[in-house]
Amino acid sequence: MSKSAPVRTPTDLTSSVAGGIGASPQRPDGNLKVRGEFAYASDLWHEDMIWGATLRSPHPYARIRSIDITEALKVPGVYAVLTHSDVPGKNLYGLEHPDQPVLAVDVVRYQGEPVALVGADHPETARRAMERIAVDYEVLEPVVDMEDAAHGRGTPLHPGGNLVRHVPIRHGDQQVTAEVVVTGEYEVGMQDQAFLGPESGLAVPGEDGGIDLYVATQWLHVDQKQVAQALGLPLDKVRLTLSGVGGAFGGREDLSMQVHASLLALHTGKPVKMVYNRLESFYGHVHRHPAKLYYEHGADRDGRLVYVKCRIYLDGGAYASSTPAVVANAATLGVGPYDVPNATVDCWGVYTNNPPCGAMRGFGAVQAGFAYESQMDKLAAAVGLDPVEVRIRNAMHEGSLMPTGQVVDSAAPVAELLRRVKDKPLPPVNRTEPVDIREMPGGASNTTHGEGVVRGIGYAVGIKNVCFSEGYDDFSTARVRVQVIGGELSALAHTAACEVGQGLVTIMQQIVRTELGVERVTIAPMDTTIGNGGSTSASRQTYVTGGAVRSACQTVRGRLFELAARKLGVDAVGLSLHGGKLVSDLHGVLADLVDVLGDDVVDETVEWRHRATESLDPVTGQGNAHVQYGFAAHRAVVDVDVELGLVKVVELDCAQDVGKALNPEAVLGQIQGGSAQGLGLAVMEEIQTSGGKIRNPSFTDYLIPTVLDMPPMSIDVLELADPHAPYGIRGVGEPPTISSTPAIVAAIRAATGLALTRAPVRPEHITGT
Amino acid sequence: MRVNVTINGDQRQADDVWEGESLLYMLRERLGLPGSKNACEQGECGSCTVYLDDVPVCACLVAAGQCQGREVRTVEGLAAGDDLDPVQRSFVEAGAVQCGFCTPGLVVAAHDLLRRVPEPSDPEIREALAGNLCRCTGYEKILDAVRLAATRQASGAEAR
Ligand code: FES
Ligand code: FES
């Protein structure tokens, strides 16, 4: 195959636009991205590389009687065909429980489970070879009901049965009764992360028998560990470098092609590239757990909550992935950001033969949020209060007690966030002639000029934990180097924390500029030559890796002061750095840092961890399990065409407390993007399954919001510093995804008067057809 | 087969092209131009948008062979050396880029819109970009970027 392209590998990000924390400098990778020159994982290319492809099970549950690869190996251009017997290490991996085979052995537990691999000279050759692999399946009846699975009914799919985890929480009086009781049953569909950059990467066999892996992931070190175990290699022979990541949202926390490409590379001795297409991507990563939720809220006649009882079921699909942690989140956050004196919560996460589910933005808090916010609206109606008023009466605040017994020990401005969205001006009603049909439900398809269109307004507020919980040793590692390059003071920041689009690279530059007064800051490629950076999830990277970079800067600063003290003969106490100058409290500017440093290089690496958390008591669910809580509120305004069941979200406003906005524009970007994903779950996004099979694995049938679906947003950002967090920050990425969905569904209920107990709301739920 | 095609002004040639191959595959894997993206390869996301004889198309839906003797302009061909096109500059400045996987397609689509409609209204921008999915931004800052680029071009100083 002829080819004239250069090899593309991740490079230093040297573009450095001035701006410390609190400013909004441009991204250091922005120019590369708009020019089409940023090296995403699917853009990698290596001299002499071949293509890898994955044969997947067509059945949700089947026994494998035999696999015959003879004919596939005969296809010209095929270099290798591999099955489970070619996995040299442990053929089981997983984030929390290793229960998932790298390649299926004698049973497949979901449609799309990897069974065999092909390495070939062209993707089309690989596809043709895969058609010639003969797998003899004995098809079995799939387990698909999550409630059955939780309660021990149906075929056990794994040795310990189908229950992955049950978290009970018992808070207060378990026998208490109330004057007003509202109950509800809710369902949340399976949402897909639908990141745009497909799973992809390049595995290059090393001369030492190891592997160099260039991938798009959320957590390099957890990948490294799992890949090494599967390959039977020591950790230092599995070296990972982050390539350009086209979005993640939780979907890249589990392995996809990492082990597969490495296996092919080690077997063929050639670099192997794997790129999923969209269809394969739908099978190739975990999704958001679909949920069934049963709620009962008891209150007094003034709408003050007396108790909440709930049972939450989460379908984890075929393998555990991060289901145990998702279960803990749904349980601990299950009553929402309210003062609830008595609570009885049970949450179950289970195995079925549905597609595997794991991390997605909001992580358990989304499913619970849809249910408890729907309940708050029901309660408002039952006691004759405005939906915002009933929420404010019960709103949690700093000092409130979670149902786990944990005290909320920093700002929790729940009432204020609700007031803010409520007080925003409302958009005008689009009813004055001439009606702009582009603003109507159905848009340019011209389905209505306003006939049958009703407006509704809905509110919601949500709570999300930030960082890893339940006693996990959650830390990040950062290295900061300062030296003079070409007569100019320069800093380099290096971590293994994954930039997936959120802007961590910008934040790292800002922190270094603020802490060291150095303008030129280079960001080194993220890789495993440095210690663990932890996962890019749980809204934690600005907090934890930001904290690590700040801490490394502080160490570097101390070293610079010692150096200055030695070279200039001054006291190291009372020194500071400003704009590249060394300043003394007593004597003002002492010297240029360039001169102080000379040829010296100051290079420091630190590990930084947030305050410790505790595990939950397995019987009562009590414990200080979380690090920090984040809150956001939304108001949604919708127009609904009640005849066709079409919804137009007219406006979606948000208020969120972020503690401290290190980069205010990036904060808005997170709120806008997170709200859009919530809108998707409210009105369009669902992986539909039947008998365990995905019915809509394409962007033709799985719809995500377009620019026509996403309304303007008015956003209030509060900055109430958390004294426990670096710079007072509060994780930003997830809270807006939680309250957006229930606010929109509440608005549709307000417009239509329908009960609407399921997200996403489909047209037929509105028209009743 | 062999395909001769003009790309970003350069005469290029690709050999051993298989009949089923798309223009997108040829650009990305044979000609060293991976700027156009491969988010769906079925015409649904717009991340692969390029100009074919000056008309924006989804490169994933065009067969490589169909481009014989024609002219293609990709996102890599918009900037003049180090000088970004005003649309590109506006995307960076407005914060319209997060992961950036949608960006090449959106930049080409917005570039095309502003050639046709120098001062588009918001509904016109939305209509023109409706075929380009973005999963990260919620589109608000993309709209800001297009408005900013339009203002720049209207002010004339930076129009190209
Ligand atoms: S890749 Fe061509 S439209 Fe999606
Ligand atoms: S910036 Fe990530 S898809 Fe648009």
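Everything numeric in this text was worked out from a predicted model, so none of it was measured.

Helices and strands together make up the secondary structure of chain A, namely 17 helices and 31 strands. Expected size for 769 residues packed as a compact globule is a radius of gyration near 27 Å; at 27 Å, chain A falls within 12% of this value. Taking the principal axes of its C-alpha atoms as reference, chain A extends roughly 80 × 75 × 60 Å. Among the 769 residues that make up chain A, the fraction classed as buried is 65%. If you take every contact in chain A between residues at least 6 apart in sequence, the share linking residues at least 24 apart comes to 80%. Surface exposure of chain A reaches about 25200 Å², of which carbon and sulfur atoms provide 50%. Each charge sign in chain A was given a centre, from 64 positive and 90 negative side chains, and these centres are 1 Å apart.

On to the interface of chain B and chain A. Every contact between the two is made by 54 residues of chain B and, on the other side, 70 residues of chain A. When chain B packs against chain A, the two sides together hide about 4900 Å² of surface, and 55% of this comes from carbon and sulfur. Of all residues in chain B, the largest losses of buried area upon contact with chain A belong to B:E29, B:R126 and B:R135, amounting jointly to 17% of the total for that side. Where chain B meets chain A, there are 5 salt bridges. Between B:K141 and A:E665 there is a salt bridge whose closest N-O contact spans 2.4 Å. At the level of elements, α1 (23-30), α2 (86-93), α3 (103-116), α4 (122-129) and α5 (140-154) of chain B are the ones that each hand at least two residues to the side of chain B that touches chain A. Considering each element in turn, the side of chain B that touches chain A owes the most residues, 5 residues, to α4(B). Of the residues in the side of chain B that touches chain A, the class split is 24 nonpolar, 11 polar and 19 charged.

Another point: the state of the cysteines. Note on terminology: a disulfide is the covalent bond linking the sulfur atoms of two cysteines. Residue and element names in this part refer to chain A. One pass over the structure, following the stated rule, counts 0 disulfides over all chains. Considering cysteine sulfurs only, C498 is the nearest to C467, which forms no disulfide, with 16 Å between them. For C467, a relative accessible area of 1% gives the class buried. We note that C553 lacks a disulfide partner, and the nearest cysteine sulfur, in C467, lies 19 Å from it.

Let's shift gears to the packing of aromatic side chains. Under the criterion given, the structure shown has 13 aromatic pairs over all chains. Taking the centre distance of 6.2 Å and the plane angle of 85° together, the rings of A:F282 and A:F699 count as edge-to-face. Separated by 417 residues along the polypeptide, A:F282 in helix α7 (residues 278-284) and A:F699 in the loop between β29 (693-694) and β30 (715-718) bring together distant segments of the chain. You'll find A:F282 and A:F699 in the same group, each marked buried. Connected via pairs of aromatic rings, a cluster forms that spans A:F38, A:Y40 and B:F101. Across the ring face of A:Y307, the terminal group of A:K309 is positioned such that the distance to the ring centre comes to 5.0 Å. Over the face of the ring belonging to A:F468 we find A:R540, whose NZ or CZ atom lies 5.7 Å from the ring centre.

Overall, the predicted model of chain B reaches an average pLDDT of 95, with 97% of residues at or above 70. Across the whole predicted complex the pTM is 0.97, and at the interface the ipTM reaches 0.98.

All names here are of chain A. Turning to its location among the elements, E131 is positioned in helix α3 (residues 123-131). Among the residues examined, E131 registers a relative accessible area of 55% and is labelled exposed. With 530 residues separating them in the primary sequence, E131 and A661 have C-alpha atoms 53 Å apart. Within polar-contact distance, the side chain of E131 engages the side chain of R127 at 2.8 Å.

So, about the pairing of strand β1 (residues 50-56) of chain A. All names here are of chain A. Across the 7 residues of β1, 7 count as buried, placing the element largely inside the fold. Pairing of β1 with strand β12 (residues 272-275), which is carried by 2 bridges, proceeds in the parallel orientation. What sits directly across from I50, in β12, is V272.

Cut-off values and rules
- Residues numbered from 1 in each chain as written.
- Chains lettered and ligands numbered in written order.
- Predicted model: local features only at pLDDT ≥ 70, side-chain atom pairs only at ≥ 80, totals over all residues.
- Heavy atoms only, no water.
- Helix = DSSP H or I, 4+ residues; strand = E, 2+ residues; numbered from the N terminus.
- Rg over C-alpha atoms; globule rule 2.2 N^0.38 Å.
- Buried < 20%, exposed > 50% of the residue type's maximum accessible area, 1.4 Å probe, protein only.
- Contact = heavy atoms within 4.5 Å.
- Areas by Shrake-Rupley, 256 points an atom, 1.4 Å probe, with all protein chains shown as cover.
- Lys, Arg positive; Asp, Glu negative; His and termini not counted.
- Charge placed at Lys NZ, Arg CZ, Asp CG, Glu CD.
- Buried area = accessible area lost by both parts, 1.4 Å probe.
- Salt bridge = Lys/Arg side-chain N within 4 Å of Asp/Glu carboxyl O.
- Nonpolar A, V, L, I, M, F, W, Y, C, P; charged D, E, K, R; others polar.
- Disulfide = S-S within 2.5 Å.
- Phe/Tyr/Trp six-rings, centres within 6.5 Å; stacked < 30°, edge-to-face > 60°.
- Lys NZ or Arg CZ within 6 Å of the ring centre and 35° of its normal.
- pLDDT = per-residue confidence, 0-100.
- Polar contact = N/O pair within 3.5 Å; in protein donor to acceptor, adjacent residues only side chain to side chain.
- Pairing = 2+ DSSP bridges.

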